[in-house]
Amino acid sequence: MNGPWWATLRRELTLIWRSPADMVQPLFFFMVVVSLFPLGLSPKPELLALVAPGVVWVAALLAVMLSLDGLFRRDQESGALDQMLTAPVVSVLPVSAKLLAHWLLTGLPLALLAPLLGYMMQLPVPALATLTYSVLLGTPTLTVIGAIGAALTVGLNRGGILLALLILPLYVPVLVFGAGVVRAAVDGSPTQGLLAVLGALLALALSLGPLAVAMGLRISAGD
């Protein structure tokens, strides 16, 4: 089964790489949203450092959600989705490969960009590493949760609003613990416990998420 999984991963990476707008749009949105806050609030470093954990994390969450609406739509329009669901390989495998490819080219760049934006928001330098770790742990969870909603709404016209309504409540725990661990790092408090919670959420998402996505796709396809 590794052969089809790797083939799907290479295909998805190639498709996303050939559509640079799919990669640039979330990053551009992430940068613009965070950059506007100092203009709208105040340039005072102490105020920016106070709101920075929540601002960076909310912007990252919205950037991930922005990239999810078309996650399966292109496959549905080309017929590749039907082939994936009817293939002899268990549909969880190509779904997991697709989610990994999506995170590598959207979520991972967000995590790499987060410390730069955190520094711009006057976060203390010691807290930047914690910010990076939290986004690295949190964005895959956001991707998997969002993919479940995208799978359920793939066959609907203008499903973006419904997608947001479905997944935003499920994003709240990741947002709370993600921003909380950065705030703890800024305050000098221990961060291992909160990072462990983010890791547990990630493990839960990786273990159950691909199956839930595959089931959602089958429901949307009417199987």
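What counts as what
- Residues numbered from 1 in each chain as written.
- Predicted model: local features only at pLDDT ≥ 70, side-chain atom pairs only at ≥ 80, totals over all residues.
- Heavy atoms only, no water.
- Core = buried A, V, L, I, M, F, W, Y, C linked by side-chain atoms within 4.5 Å.
- Buried < 20%, exposed > 50% of the residue type's maximum accessible area, 1.4 Å probe, protein only.
- Helix = DSSP H or I, 4+ residues; strand = E, 2+ residues; numbered from the N terminus.
- Contact = heavy atoms within 4.5 Å.
- Salt bridge = Lys/Arg side-chain N within 4 Å of Asp/Glu carboxyl O.
- UniProt positions renumbered as here; feature names shortened; annotations may be inferred.

In a soluble, globular protein the nonpolar side chains are often hidden away together inside. By size, the foremost hydrophobic cluster in this structure holds 50 residues, and its most contacted members are F30, W57, F72, L131, Y171 and V213. At the level of elements, α2 (20-40), α3 (45-66), α6 (92-120), α7 (125-153), α8 (160-187) and α9 (192-221) are the ones that each hand at least two residues to this core. Ranked by residue count, the leading element in this core is α3, at 11 residues. Apart from the residues lying within four places of it in its own chain, the contact partners of W57 are L131, S134, V135, G138, L142, V174, L175, G178, A179 and V182.

Let us now look at unusual backbone geometry. Leave glycine aside and you will find that most residues have negative phi; peptide bonds, for their part, are mostly trans. Look at Q122: it is not a glycine, yet its phi comes out positive at around 70 degrees. Position of Q122 among the secondary structure elements: in the loop between α6 and α7. With relative accessibility at 38%, the residue Q122 sits in the partly exposed group.

Time to look at the pattern of salt bridges. Enumeration over the complete set of coordinates arrives at one salt bridge. Two residues, D187 and R183, come together in a salt bridge whose shortest N-O distance is 3.7 Å. Taken together, the positions of D187 and R183, both in helix α8 and four residues apart, correspond to about one turn of that helix. Residue classification places D187 among the exposed positions, given a relative accessible area of 53%.

What follows is about the UniProt feature "transmembrane region" (unreviewed entry) in the protein chain. Per the UniProt entry, the sites bearing "transmembrane region" (unreviewed entry) are residues 21-41, 47-68, 100-121, 133-154, 161-182 and 194-217 in this numbering. Segment residues 47-68 splits into 91% helix and 0% strand. End C-alpha atoms: 32 Å apart. Structurally, residues 161-182 comprises 100% helix and 0% strand, and the distance from its first C-alpha atom to its last is 30 Å.

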